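# Structural overview
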Amino acid sequence: MDDVKEMHRALLAWYDDEKRDLPWRHTHDPYAIWVSEIMLQQTQVATVIPYYHRWLARFPTVQALAEADDQDVLAQWQGLGYYRRCRLLLEGARFVAEKNDWPQSAEEWRKVPGVGPYTAGAITSIAFNQPTPLVDGNVERVFSRLTACRDSGPQLKKSAWTWAEGVTPHKRPGDWNQALMELGATVCKPGAPLCGACPLIKKCEAHRQGVQNELPIGGKKEQAVELTHLCWVPIHNDRFGIRQITTGEWWAGMWEFPRVTNSCPQPHWLQSAEIHEVGVIKHMVTKHKIKLVISLAYLTNQLPELRWLTLSELESVALPAPQRKVLRLALAHIRAEQPLLF
Ligand code: SF4
C-alpha cells in the first residue's frame with residue numbers, strides 16, 4: 001500500500017511540473033471533456049486542438065449539439081476522420097440532453113451511445129472527481145513495463161484494467177489518470193522509453209530487469225486490404241453532381257462524387273457522358289488501402305438521382321477528406337482544360 005501511495009506522490013508531482021498545457025486541461029465541464037476524449041481517439045493532439053476550439057465555439061453545450069442539424073455537425077468534423085465518432089457523439093448528446101441531467105457514474109455513462117469504458121472513466125474521473133480507472137494504449141504500455149507483465153492483446157488489456165482498478169486513488173483521480181497517459185505519451189513511449197526522465201523508475205520492474213524495450217509484447221499487425229475504387233466527378237454547366245452516402249457505407253450521411261469498387265457495375269449514365277481521366281489518389285480507411293481512380297464526367301443534362309451544386313455551395317457541404325482531394329484534383333484539371341468554367 002505504501003508502495004502505491006509513493007507511486008501516486010511521485011507521478012502526480014511529476015505531472016504537476018511537466019504536463020503539457022492542453023486546452024481540455026483547463027476545464028471540468030463534462031461536455032468539453034467528452035468532446036476532447038472522442039476527438040483524441042486515433043488522432044494526434046496537435047490535430048485535435050483547432051477542431052476542439054472550433055467545435056466548442058459552434059456547439060458550446062450538450063444542448064446546442066443535441067439541437068444541431070446533422071449536416072452542420074458532420075461539416076464541423078470534416079477532416080478529422082473516423083466519422084463514426086462524430087455520429088455517435090451527436091447521438092450521445094441527444095441521449096443526454098433528453099434526460100436533462102448528466103449520468104452520475106461510469107456505469108451510467110456507458111449507456112450513452114459512443115461511450116465505452118475508457119471514455120466513461122475519463123469523464124467521471126476528470127469532470128466529476130470519481131475514482132474510476134481508465135486504460136488506453138498509453139496506460140497499457142506503462143502498466144506492462146511497470147509490472148514487467150508479458151501478456152499481450154486482449155489479455156494485456158484485461159490485466160491493465162485490473163491493475164488500474166487497484167491503483168486509482170480517491171484523491172485527484174482525474175489527474176492520476178491523465179498523468180499515467182501523459183507518462184505513456186511523453187516518457188514511457190513505444191519502442192525505447194526515456195527511463196532517465198521517469199518519476200517511476202524506482203518502482204519499475206521492466207527497468208530493474210533491463211527488459212523495458214521488449215515490453216509490451218506486440219500483437220500481430222493486421223495486414224492491409226488493397227482496393228481500387230472508380231470515382232467520377234459529374235459536371236453539367238457550372239454545377240457538380242454529388243450523392244449522399246447511405247447507411248452502412250464508410251462516411252454514411254456525408255456526400256461524395258459517385259464511386260464504385262472496380263468489380264461492381266458502373267453507373268448507366270456514363271454511356272452518355274464525356275469522360276476525362278484525371279488521376280489517382282491513394283488513402284487508407286481503417287485497414288483498407290484504397291486506390292481511387294478519378295475521372296471527370298461531362299454531362300448534357302442534370303441527372304435526377306444526384307444533387308447538383310455550384311462550387312461555392314459544394315465548399316460548405318460535408319465531404320470526407322479523400323473526396324475533398326478528388327475535388328481539388330478535378331478543379332486543377334478543369335482549370336487547365338477550360339479556364340473559364342470555374
Ligand atoms: S522506468 Fe522506463 S519503462 Fe519503467 S515506467 Fe518509467 S519510462 Fe517506462
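Parameters at a glance
Residues numbered from 1 in each chain as written. Predicted model: local features only at pLDDT ≥ 70, side-chain atom pairs only at ≥ 80, totals over all residues. Heavy atoms only, no water. Pairing = 2+ DSSP bridges. Helix = DSSP H or I, 4+ residues; strand = E, 2+ residues; numbered from the N terminus. Phe/Tyr/Trp six-rings, centres within 6.5 Å; stacked < 30°, edge-to-face > 60°. Buried < 20%, exposed > 50% of the residue type's maximum accessible area, 1.4 Å probe, protein only. Lys NZ or Arg CZ within 6 Å of the ring centre and 35° of its normal. Near = heavy atom within 4 Å. Nonpolar A, V, L, I, M, F, W, Y, C, P; charged D, E, K, R; others polar. Salt bridge = Lys/Arg side-chain N within 4 Å of Asp/Glu carboxyl O. Contact = heavy atoms within 4.5 Å. Disulfide = S-S within 2.5 Å.

So, about the pairing of strand β5 (residues 274–285). Bridge count for β5 against strand β6 (residues 288–298) is eleven bridges, and the pairing is antiparallel. Considered in β6, the bridge of Gly279 is made with Ile294. Where β5 folds back on β6, the antiparallel hairpin that results is connected by two residues, among which Thr286 adopts a positive phi of roughly 45°.

The subject of this paragraph is the packing of aromatic side chains. One pass over the full model with this rule turns up eight aromatic pairs. An angle of 85° between the planes, with centres 5.5 Å apart, marks the rings of Trp55 and Trp77 as edge-to-face. Note that Trp55 is positioned in helix α3 (residues 45–58) and Trp77 in helix α5 (residues 70–77), a separation of 22 residues in sequence. You'll find Trp55 and Trp77 in the same group, each marked buried. Three or more aromatic residues joined by ring pairs form one cluster here, namely Trp34, Trp102 and Trp109. For Lys19, the ring lying beneath its charged end belongs to Tyr15, and the centroid distance is 5.1 Å. Directly above the ring of Trp255 sits Arg307, whose terminal nitrogen or CZ lies 4.6 Å from the centroid.

This brings us to the site of the ligand. Neighbouring the ligand are the residues Arg145, Val187, Cys188, Pro193, Cys195, Cys198, Ile201, Cys204, His207 and Gln212. Its residues assigned to classes, the shell around the ligand shows seven nonpolar, two polar and one charged.

Summed over all chains, the structure comprises 16 salt bridges. The shortest N-O distance in the salt bridge between Arg20 and Glu182 comes to 2.9 Å. With Arg20 in the loop between α1 (2–18) and α2 (30–40) and Glu182 in helix α11 (residues 173–186), this residue pair connects regions lying 162 residues apart in the sequence. Overall, the relative accessible area of 1% leaves Glu182 in the buried class. Overlapping salt bridges bring together Arg243, Glu249, Glu256 and Arg259 as one network.

What follows covers the side chain of Thr132. On the secondary structure map, Thr132 appears in the loop between α8 (117–128) and α9 (137–146). Filtering out sequence-adjacent residues up to four positions away, Thr132 remains in contact with Ala106, Gly121, Thr124, Ser125, Thr168 and Asn177.

For the structure on display, the rule yields zero disulfides. Free cysteine: Cys264, not disulfide-bonded; nearest cysteine sulfur from Cys231 at 14 Å.

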